[in-house]
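Given next are the chains, with one letter for each unit.
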Amino acid sequence: MTRDSPSDLLVLHAVRITGFADTPVIAHRYGLDAAETKEVLRDAETRGWVEHTAFAGTGGWSLTEPGRAENERRLAAELARVGGADEVRRVYREFLPLNALLLRACTDWQLRPTTDDRLAVNDHSDYAWDARILYELAGIDRALTPLADRLGSVLARFRGYDTRFTTALARARAGEGTAWVDRTDVDSCHRVWFELHEDLIATLGLDRHAEP
């Protein structure tokens, strides 16, 4: 039985995990044809599953509440079809402790408390402080690889999170800019991790805010 996902599911899911994106970005997320992606989005819009909004010179698609429910319905059906629910749940349980480490690392990347200000912004002038965080992210990176392999063996659409995270971390460690750790407008460690987290909770039909 194939473990590839149908393109209409991938389009709707790409909107879910990116949160808000224009058509080319959605098509690129899973390597889909741009024209086909646009057609699927227009059909989903007609059904009330997505909506297109524009502000400040940018525009993009986002899921409506009915679209979110439809996305989760399709994901649950797909997971049942391949018989992978138990494995994805096991990976998710192993993911949660790493998630806590990732969130702490990103907080430390953004803030460097001082004796006068515990919320002082990290200006990245302390090499030892930043090096420690990058070292911690490297440990998370190593732990992510086997989890991503297991997810990819369940469904092809899970593939790539580990390589994207590794690439972002390598760029940060190479001194290409602090953005590669925590910015959301590039494919940073934080952005990749956020998408994986959203992918897992959507696939399992969970509530992010109800997590332990």
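Residues numbered from 1 in each chain as written. Predicted model: local features only at pLDDT ≥ 70, side-chain atom pairs only at ≥ 80, totals over all residues. Heavy atoms only, no water.

Caption draft 1: Structural context of the pattern of salt bridges. Tallied over the full model, the rule gives 23 salt bridges. Between E198 and R16 there is a salt bridge, and its shortest N-O distance comes to 2.7 Å. Within this pair, whereas E198 is found in helix α9 (residues 189-204), its partner R16 is found in helix α1 (residues 7-18), the two being separated by 182 residues in sequence. You can call E198 buried: its relative accessible area is 7%. A salt bridge links E195 to R164; its shortest N-O distance comes to 3.2 Å. Of this pair, E195 sits in helix α9 while R164 is found in helix α7 (residues 161-173), placing the two residues 31 residues apart along the sequence. In this structure, E195 and R164 share a single accessibility class: buried. (Salt bridge = Lys/Arg side-chain N within 4 Å of Asp/Glu carboxyl O. Helix = DSSP H or I, 4+ residues; strand = E, 2+ residues; numbered from the N terminus. Buried < 20%, exposed > 50% of the residue type's maximum accessible area, 1.4 Å probe, protein only.)

Caption draft 2: Here's a closer look at the packing of helix α5 (residues 85-110) against helix α6 (residues 127-154). Interaxial distance between α5 and α6 falls to 10 Å at its minimum, and their mutual angle equals 160 degrees. One element, α5, and the other, α6, form an angle in the roughly antiparallel class. Crossing hand, α5 versus α6: left-handed. (Axes fitted to C-alpha atoms, helices over the stretch in contact; angles between N-to-C directions. Parallel < 35°, antiparallel > 145°, perpendicular 65-115°, else oblique. Left-handed = near helix turned anticlockwise from the far one by under 90°.)

Caption draft 3: Main features of the pairing of strand β1 (residues 50-55). Pairing between β1 and strand β2 (residues 58-63): six bridges, direction antiparallel. Considered in β2, the bridge of H52 is made with W61. Joining the antiparallel neighbours β1 and β2 is a turn of two residues, in which A56 adopts a positive phi near 50 degrees. (Pairing = 2+ DSSP bridges.)

Caption draft 4: Expanded view of unusual backbone geometry. Positive phi outside glycine occurs at H124, with the angle close to 60 degrees. In this fold, H124 is placed in the loop between α5 and α6.

Caption draft 5: Structural detail: the environment of E176. Checked against the element boundaries, E176 lands in the loop between α7 and α8 (179-182). Overall, the relative accessible area of 46% leaves E176 in the partly exposed class. Separated by 73 residues in sequence, E176 and L103 have C-alpha atoms that sit 22 Å apart. A polar atom in the side chain of E176 sits 2.7 Å from the side chain of R171. (Polar contact = N/O pair within 3.5 Å; in protein donor to acceptor, adjacent residues only side chain to side chain.)

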